[in-house]
Amino acid sequence: MSKHFYLTKEPVDVNEVVEKVVHPHAGAINTFIGTVRELTNEKRTLFLEYDAYIPMAEKKLEQIGSEINSRWNEARVAIVHRIGRLDISDIAVVIAVSTPHRADSYEASRYAIERIKEIVPIWKKEHWEDGEKWIGDQLEKTEYPSGKPGKEHLND
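Criteria and cut-off values
- Residues numbered from 1 in each chain as written.
- Predicted model: local features only at pLDDT ≥ 70, side-chain atom pairs only at ≥ 80, totals over all residues.
- Heavy atoms only, no water.
- Axes fitted to C-alpha atoms, helices over the stretch in contact; angles between N-to-C directions.
- Helix = DSSP H or I, 4+ residues; strand = E, 2+ residues; numbered from the N terminus.
- Left-handed = near helix turned anticlockwise from the far one by under 90°.
- Contact = heavy atoms within 4.5 Å.
- Nonpolar A, V, L, I, M, F, W, Y, C, P; charged D, E, K, R; others polar.
- Pairing = 2+ DSSP bridges.
- Phe/Tyr/Trp six-rings, centres within 6.5 Å; stacked < 30°, edge-to-face > 60°.
- Lys NZ or Arg CZ within 6 Å of the ring centre and 35° of its normal.

**Looking at the packing of helix α2 (residues 54–71) against helix α3 (residues 102–119)**
Reasoning step 1: Following both chains from N to C, one finds α2 and α3 inclined at 145 degrees, their axes separated by 10 Å at the closest point. Seen from above, α2 lies across α3 with right-handed handedness. On α3, the residues touching K60, L61, Q63, I64, E67, I68 and R71 of α2 are A108, Y111, A112, R115, I116 and I119.
Reasoning step 2: A class-by-class count of the residues in the contact of α2 with α3 yields eight nonpolar, one polar and four charged.

Structure representation (structure tokens):
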């Protein structure tokens, strides 16, 4: 069986992620596709670099899938996040959630992206026309000047 929760340095194939959650009881499949935007707070981004603590990040993505399965009946989930250099409009993350009813698929998909930002150890470096900076955690509340979190930031 193929992996449903992983990080990759390759471009993410949206259809491949969706295929992981298709099943006969699904009346809805919600797909969230997060892309690299050019402007943030009127500052022009040239490209991003994503990095991660891969073993823990994949473990946390699986945890999110388990949380969704326990909250939404018959949900199936697949999450793939890209790391490395991403240019403007590149796909950074794909979340696919299937459920018997559409409202559940929307709610579970939103839950997944919010939890990714809360608990998954993925961080990014923004490259602008006039400089660059490691932003830190995905909620942008904790900076990692060295580009990576210290052990105090990595919670099991």
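**Looking at the pairing of strand β4 (residues 43–52)**
Look at any regular strand and the pattern is simple: side chains alternate between the two faces of the sheet.
Reasoning step 1: Sheet topology note: the strand β3 (residues 39–40)/β4 ladder contains two bridges and is antiparallel. For L39, the partnering residue across the bridge sits in β4 and is R44.
Reasoning step 2: Connecting β3 to the antiparallel partner β4 that follows it, the hairpin turn spans two residues, and N41 within it adopts a positive phi of roughly 50 degrees.
Reasoning step 3: Taken together, the four bridges between β4 and strand β6 (residues 84–87) define a ladder with antiparallel strand orientation. Bridging from a neighbouring strand, E49 pairs with R85 of β6.

**Brief notes about the packing of aromatic side chains**
Reasoning step 1: In this structure the tally under the stated criterion is one aromatic pair.
Reasoning step 2: Just above the ring of W128 sits the side chain of K43; from NZ or CZ to the centre is 4.0 Å.
Reasoning step 3: In this structure, R85 packs its charged tip against the face of F47, placed 3.7 Å from the ring centre.

**Some thoughts on the environment of R102**
Reasoning step 1: The residue R102 is located in helix α3 in this model.
Reasoning step 2: Separated by 75 residues in sequence, R102 and G27 place their C-alpha atoms 6.8 Å apart.

Such coordinate-based values are descriptive only and should not be taken to indicate function.
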